[in-house]
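Spelled out from the first residue to the last, the chains are:
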Amino acid sequence: MAERALPPAVPASPEPASSSAFGSPLEPIASAVATPAHDTYVVKVQKDQIYRVPPPENAYLAERYRNARGGGGGAKKKQGGPACSPCVARTLGALLATAVLLGAAVLISLVVLRPGVPSFSVDRLTVRREARPPRADYDFFLTAVNPNKMTALWYRSGSAVLLHHGSTLATGDVGQPADGGEDSTDFSMVLRGKPHDGRTPKAVDKALAGSRERLALELSVQVTVQVHVGALGFGQRRLVVRCDVGAAGLSKDVHISSQSCKSSFIN
């Protein structure tokens, strides 16, 4: 039997490229050899399909680009920004004014409504004898020292009583001094003695007769005080003063051997 000649082998032409830019990434490998037991595939990943996380700067650049073109809400926020500055300034101003008012109120309450108590001292005592009716009048000269540095104390009307071991010797009014002072105030009081009707203490009679023995006297004063800051006058307070005085006799010019004065506000 005649043998038939086989035609020569023609090499396989390369596979044409996919016409689609996003073709199937899986394509079998053409091979002239026999296909193994397991098929082998090559995965092709195109460059425009590689995904990655963009850096944070890109978001800022994109927002800036949109704002420059007038898009998005960035332009509105930028226009509304400066309008908040006056609001913040007004709020801060209101808070500052409130703090100043509160500080002023506290200062007034401490300095004006609660002033320091003045201290008193008896500078001089003079006794005048009267014949009709027989009695002795007492002239007291006192000095009040104001401990407050920012306020002045103005003394108004008041009353005074002179006693000896609880027995009243003289009474009188406290006149208003000529002027108030920020540091000290000097004023005098004339106390009219009670008539000598036989009930005067014996120690007082002996002192009036010229005895130089120590005589214990008690001067009690109540006076109204008004607190001033410059030309402004504030509320009035009642001041009580008690002075324990030791006198060597009750001659015309009394020698004051000892004294101790205490004062306090009663309202």
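Just above sits the structure.
Values in this document were obtained by computation on a predicted structure and should not be read as measured data. (Residues numbered from 1 in each chain as written. Predicted model: local features only at pLDDT ≥ 70, side-chain atom pairs only at ≥ 80, totals over all residues. Heavy atoms only, no water.)

> Would you mind going over the sheet that holds strand 3 (residues 119-130) with me for this structure?
Strand pairing in a sheet relies on backbone hydrogen bonds, with the paired strands running either antiparallel or parallel. One open sheet accounts for 8 strands, arranged 3-4-7-6-5-8-9-10; its pairing is antiparallel. Because the sheet does not close on itself, it has two edges, and the strands there are strand 3 and strand 10 (255-265). Between one strand and the next, the sheet's axes are offset by a mean angle of 25°, whatever the strand orientation. Both strand 6 (residues 167-174) and strand 7 (residues 184-193) contribute to a ladder of 2 bridges, which runs antiparallel. In the strand pairing of strand 7, A170 is matched with G193. (Pairing = 2+ DSSP bridges. Helix = DSSP H or I, 4+ residues; strand = E, 2+ residues; numbered from the N terminus. Axes fitted to C-alpha atoms, helices over the stretch in contact; angles between N-to-C directions.)

> Got a minute to help me understand the nonpolar core in this structure?
Across soluble globular proteins, you tend to see nonpolar side chains buried next to one another. Counting 38 residues, the largest nonpolar core has Y138, F140, L219 and L250 as the members making the most contacts within it. Among the elements that line this core, the one with the most residues is strand 8 (residues 214-229), at 7 residues. Contact partners of L219, with chain neighbours within four places excluded, come to F140, L142, A160, V161, L162, M189, L191, V241, R242 and C243. (Core = buried A, V, L, I, M, F, W, Y, C linked by side-chain atoms within 4.5 Å. Buried < 20%, exposed > 50% of the residue type's maximum accessible area, 1.4 Å probe, protein only. Contact = heavy atoms within 4.5 Å.)

> Would you mind going over the environment of D139 with me for this structure?
Positionally, D139 belongs in strand 4 (residues 135-145). D139 gets classed as buried once you look at its relative accessible area, which sits at 12%. For D139 and D253, which are 114 residues apart along the polypeptide, the C-alpha to C-alpha distance reads 9.9 Å. The residues contacting D139, other than those within four sequence positions of it, are R124, L125, T126, R128, M189 and V190.

> I tried to follow the side chain of T143 on my own but got confused; where do I start?
Within the secondary structure layout, T143 lies in strand 4. Its relative accessible area of 13% is what places T143 among the buried residues. One polar contact links T143 to D123, side chain to side chain, over a distance of 2.3 Å. Setting aside residues no more than four positions away along its own chain, T143 makes contact with S119, F120, S121, D123, S184, T185 and D186. (Polar contact = N/O pair within 3.5 Å; in protein donor to acceptor, adjacent residues only side chain to side chain.)

> Quick question: what am I supposed to make of the state of the cysteines here?
Working definition of a disulfide: a covalent bond connecting the sulfur atoms of two cysteines. By the definition in use, this model includes 1 disulfide. Each sulfur of the disulfide joining C243 and C261 lies 2.1 Å from the other. Judged by the sign of its S-S torsion, about 115°, the cystine formed by C243 and C261 is right-handed. Taken together, the residues span a long stretch of sequence, with C243 in strand 9 (residues 232-248) and C261 in strand 10 at a distance of 18 residues. Take C261: its relative accessible area is 22%, and that puts it in the partly exposed class. (Disulfide = S-S within 2.5 Å.)

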